[in-house]
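What follows is the residue order along each chain.
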Amino acid sequence: MTVDIAPSWPLFAAVSLIPLLLATFVDVALRWRVAEPGQGIQNFHQRVGSWWVMVSIIALAVMAGKTGVVLLAALCSFAALREFMTLTRTQLADHWALVTLYYVALPLQYYLVWIDWYQLYAILIPVYAFLALPILSAIRGDTTRFLQRIAGMQWALMICVYCLSHLPALMYLEIPGYEGKNIFLIAYLIFVVQLSDVLQYAWGKLCGRRPVAPGVSPSKTVEGLLGGVLSATAVGTLLWWMTPFGVWGAALMALAATVAGFLGGLVMSAIKRDRGVKDWGHLIPGHGGFIDRLDSVLFSAPIFFHLTRYFWSTI
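Reading the values: rules and limits
Residues numbered from 1 in each chain as written. Predicted model: local features only at pLDDT ≥ 70, side-chain atom pairs only at ≥ 80, totals over all residues. Heavy atoms only, no water. Salt bridge = Lys/Arg side-chain N within 4 Å of Asp/Glu carboxyl O. Helix = DSSP H or I, 4+ residues; strand = E, 2+ residues; numbered from the N terminus. Buried < 20%, exposed > 50% of the residue type's maximum accessible area, 1.4 Å probe, protein only. Lys, Arg positive; Asp, Glu negative; His and termini not counted. Contact = heavy atoms within 4.5 Å. Patch = residues over 30% accessible without salt bridge, like charges linked within 9 Å, V, L, I, M, F, W, Y side chains within 5 Å. Areas by Shrake-Rupley, 256 points an atom, 1.4 Å probe, with all protein chains shown as cover. Core = buried A, V, L, I, M, F, W, Y, C linked by side-chain atoms within 4.5 Å. Expected span 1.5 Å × (residues − 1).

Enquirer: I'd like to hear about the pattern of salt bridges, residue by residue, with values.
Expert: Oppositely charged side chains can form a pair if their charged atoms are brought close together. Counting across every chain of the model gives 2 salt bridges. Among the ionic pairs, Asp94 bridges to Arg149, the shortest N-O distance being 2.7 Å. Remark: Arg149 occurs in helix H7 (residues 146–169) and Asp94 occurs in the loop between helix H3 (66–86) and helix H4 (95–114); sequence separation between them is 55 residues. In this structure Asp94 comes out as buried when scored by relative accessible area, which is 0%. Of the residues examined, Arg149 reaches a relative accessible area of 0% and is grouped as buried. The partner of Arg210 in a salt bridge is Glu223, with the nearest N and O atoms 2.9 Å apart. Note that Arg210 is positioned in the loop between helix H8 (183–207) and helix H9 (222–238) and Glu223 in helix H9, a separation of 13 residues in sequence. Using a relative accessible area of 52% as the deciding quantity, one classes Arg210 as exposed. Judged by relative accessible area, Glu223 falls into the buried class, the value being 14%.

Enquirer: How would you summarise the side chain of Asp295 if you had to cite specific residues and measurements?
Expert: If you trace the backbone, Asp295 turns up in helix H11 (residues 290–311). Buried Asp295, no salt bridge; nearest opposite-charge side chain is Lys272, N-O distance 5.5 Å. Apart from the residues within four sequence positions on either side, Asp295 is in contact with Asp197, Gly264, Gly265 and Met268.

Enquirer: Explain a nonpolar patch on the surface to me, and be specific about the residues and the numbers.
Expert: On the surface, Phe78, Val99, Tyr103, Val104, Leu108, Tyr111, Trp114, Ile115 and Trp117 cluster together to form a nonpolar patch covering roughly 830 Å² of accessible area. Per-element tally for the nonpolar patch: the top contributor is H4, with 6 residues. Along the chain, Trp114 turns up in helix H4.

Enquirer: Summarise the nonpolar core; cite the residues concerned and give the values.
Expert: Within the largest apolar cluster, 70 residues are counted, with the highest numbers of intra-cluster contacts made by Leu81, Leu170, Tyr188 and Phe304. Broken down by secondary-structure element, the contributors of at least two residues to this core are H3, H4, helix H5 (118–121), helix H6 (124–139), H7, H8, helix H10 (246–275) and H11. Per-element tally for this core: the top contributor is H7, with 12 residues. With residues up to four places along the chain from it excluded, the contact list for Leu81 reads Leu101, Tyr102, Leu106, Ala156, Leu157, Cys160 and Val161.

Enquirer: Summarise H10; cite the residues concerned and give the values.
Expert: Between its first and last C-alpha, H10 extends 43 Å over 30 residues, near the 44 Å set by a 1.5 Å rise per residue. Backbone geometry just after H10 places Gly276 at a positive phi near 75°.

Nothing here speaks to function; it is all geometry.
Laid out in structure tokens, this is it:
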């Protein structure tokens, strides 16, 4: 299938730039009005600057077409996988498995997405890679914390590569009446899920009282969850024109994506707490690491993809 995104480029640029320009205006206003900006304002300034860089890179990838989008997602997966494996205990006996992880499974998954071989990329990692990794480590004969080591590698590959690869895969769905606009599915998903994260934080600060899982993330509250998810779902519903879903379909898809995003963030927070770290990395100023920025999208992407493929795409 040939993916032509050229007709959608101006509108995509406008949709991407408007919220970023608003955030920049708020940033400039805050720094102008406050003589000695505190840590919160400094952090917001860093985040806005990082978003300008990220949006610029995404724009270049989109202009390059499907190859650019797939390549960018693959690079993000590599960076996320590296962050995840940094917190995962491995042994010298896992060398072959790690080589397979980075230099076989990851590029092969994205190559299959690029050529649109759905039947194979849908099962490559959860079937073949999950079986291959323990075999490669077992051959080396070191059984020290064997199950823990293998589980860490398997889930690093599942979360950082398999889940994220469904984001560029959205460009290949054949949706009647939506030809050439699939890039908006990616923009819609990222915007709604990221907005939900921001609004959950805002609602939690305003009226959060009851933690959802105090042992995992005390800052995630029931009030913040409900307020953020419902607010982001309302915005996602208003953006139905970006999608092939219709009004009610957009509402349900936004709800599914935001709930999955919240649960994904909760899982990744549990892993960080288990490893005793605050952030997955420090590569993105104001945001932490790649996984810190992508955690919600990682869990929502495959769910959003499969719901779209099942209900709207011609299979």
